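Reading the structure
Read off the chains here:
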Amino acid sequence: MALTLRSSTSFISQKDTKGFKTSDISNSIFFTQIKPPCRIRAKISMQESQPSHERALTSEGRKKEVLHGPTTPHGKNDSRVPVFVMLPLDTVSFGGNLNKPRAMNASLMALKSAGVAGVMVDAWWGLVEKDGPMKYNWEGYAELVEMVKRHGLKLQVVMSFHQCGGNVGDSCSIPLPPWVLEEISKNPDLVYTDRSGRRNPEYISLGCDSLPVLRGRTPIQAYSDFMRSFRNRFKDYLGGVIEEIQVGMGPCGELRYPSYPESNGTWRFPGIGEFQCYDKYMRASLAASADTVGKRDWGRSGPHDAGHYNQSPEDTGFFRKDGTWTTEYGQFFLEWYSGKLLEHGDRILAAAEGIFRGTDAKLSGKVAGIHWHYRTRSHAAELTAGYYNTRNQDGYLPIARMMGKHGVVLNFTCMEMKDSEQPEHANCSPEGLVCQVKMATKAAGTELAGENALERYDSNAYAQVLATSRSDSGNGLSAFTYLRMNKRLFEENNWRNLVEFVKNMSEGGRNRLPECDSSRTNLYVGFIKEKQSVIRTKEAVLV
């Protein structure tokens, strides 16, 4: 019997759309029997780009004790990489229920048959704690955990303390909890602010991390209480079905400032972005740091010559070839700005480490792959995001060391990108950036995992991930999470490519998938054969 899925990026039904802005494009996808997939006929090769830094990264010495679940070293002797697939952003509805459970069940069955290790889901702060401080609703997630368990899959859960909406790939709108938004309306300085005074409600400003601005709790306490509630609710699954907890630390769940917001056309690729240090808490911190070094004038404001969101480095006094970033003031400001971000990550991960200690669940944190203007001296787009990475300064080694200190896996994006695919005027080098991060994590003794930055279904992208997953230069990948499950993924050619990619990753990219599937994966579009029995599936209809 053919398996029919009516699916889309959005799983929200019309009756659950209150509070969301989502485009629910519902289409039917019919799986008919096809020949088992053949090997991707793409030459898998990559010349490792030389990092821009002259000095070599050195190891920190002995490995640190891992306080969470045992991690499997990923080196030349074991190049197998498990693949996870991100679930739709609105997997759990605004009402707290699992969206379209029949379609989800059929999708998980298909992913399992393809050899996928598990799936990833966002646990949204704005959904779980929306009814008031410390009033948590985990029911939709509990239903998902049980379903994932029945299919023999693993689950990565993201502690998503950010807003969904306004960035690449955001298909719905999930704001911060209403009671948090009320506090922001009373005190707009609780969110990041740019030089012109534009407020960004994606995430609470790290400037008030330790201040009781959320009805008597600090943001770090609120995040900790959320994670503790999750641990208590799912303690029987942690380290088993729930294999990994990814701790959100900024917009899009990434450790960074919201320096390139796409909402309302504020930023467009490949703009340099803007510094986000103009709320009163960040300004007070800057002033205090300037006083400490005896340069009070440096603390009055951020750089006056850093330009605007959509400018190029050479159009600004700060980021141009020998601009202000090279001066004593520029170094002071960038050290303070990036240092605040590191402190923020350190606080949250220290809390998470304590909360999940002894659960056998891995912890991970995400770092953005900001590859545009990487070939310039200043790396402007990375600087505004909080990564002090220039031709003369390695911005990723301190991040890798900070995460490694807590036994946290560094999850990095843009693993699918090639330099040759990027526009020349953007001075991109995703390959050089990935190479640098691989070297930094190796030097820090920190485990590395990866994601694709953009939705890709083609064999070239998969081949690039296979190449970057290897440990030939720097760390290899311990896991890869594919973005994202939607209706396009199940189209015939796209599905064929995914199945082959998963198989190659599980075998380190070394083995061919034969013309006839002699390995008895028994995956056919239309039916799934396991242990000589045929499991006939009923039509899954989204209601």
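Before reading further, recall that the structure is shown in the block above.
Scope of this entry: the structure provided in the associated data block. Given the structure is predicted, the values throughout are model-derived calculations rather than measurements.

Some thoughts on the pattern of salt bridges
A side chain with one charge can pair with a side chain of the opposite charge if their charged atoms come near. Here the structure, examined in full by the defined rule, presents 25 salt bridges. In this structure, Asp458 and Arg456 form a salt bridge, with 2.7 Å as the shortest nitrogen-oxygen distance. Overall, the relative accessible area of 19% leaves Arg456 in the buried class. A single salt-bridge network, built from bridges that share partners, covers Glu129, Arg217, Asp225 and Arg228.

Thoughts on helix 4 (residues 178-186)
Along helix 4, the residues classified as buried are Trp179, Val180, Glu183 and Ile184. Buried residues of helix 4, seen end-on, are gathered within an arc of 150 degrees and therefore sit on one face of the element. Summarising the contacts, the buried residues of helix 4 are in contact with helix 2 (125-128), strand 6 (191-193) and strand 7 (199-204).

Re unusual backbone geometry
Phe269 connects to Pro270 through a cis peptide bond whose omega is 5 degrees. With respect to the secondary-structure elements, Pro270 resides in the loop between strand 8 (242-247) and helix 6 (280-292). Cis geometry marks the peptide bond from Leu483 to Arg484; its omega dihedral reads 5 degrees. A positive phi angle, close to 55 degrees, is found at Arg215, a residue other than glycine. Relative to the helices and strands, Arg215 resides in the loop between strand 7 and helix 5 (219-233).

Description of the packing of helix 5 against helix 7 (residues 328-356)
Orientation of helix 5 relative to helix 7, taken along the N-to-C sense of each, is 25 degrees, at an axis distance of 10 Å. In terms of orientation, helix 5 lies roughly parallel with respect to helix 7. Judged by the twist between their axes, the crossing of helix 5 over helix 7 is right-handed. Along its contact with helix 5, which presents Ile220, Tyr223, Ser224, Met227, Arg228, Phe230 and Arg231, the element helix 7 presents Arg347, Ile348, Ala351, Ala352, Ile355 and Phe356. Split into classes, the residues belonging to the contact of helix 5 with helix 7 amount to nine nonpolar, one polar and three charged.

Parameters and conventions
- Residues numbered from 1 in each chain as written.
- Predicted model: local features only at pLDDT ≥ 70, side-chain atom pairs only at ≥ 80, totals over all residues.
- Heavy atoms only, no water.
- Salt bridge = Lys/Arg side-chain N within 4 Å of Asp/Glu carboxyl O.
- Buried < 20%, exposed > 50% of the residue type's maximum accessible area, 1.4 Å probe, protein only.
- Helix = DSSP H or I, 4+ residues; strand = E, 2+ residues; numbered from the N terminus.
- Arc of directions from axis to C-beta.
- Contact = heavy atoms within 4.5 Å.
- Axes fitted to C-alpha atoms, helices over the stretch in contact; angles between N-to-C directions.
- Parallel < 35°, antiparallel > 145°, perpendicular 65-115°, else oblique.
- Left-handed = near helix turned anticlockwise from the far one by under 90°.
- Nonpolar A, V, L, I, M, F, W, Y, C, P; charged D, E, K, R; others polar.

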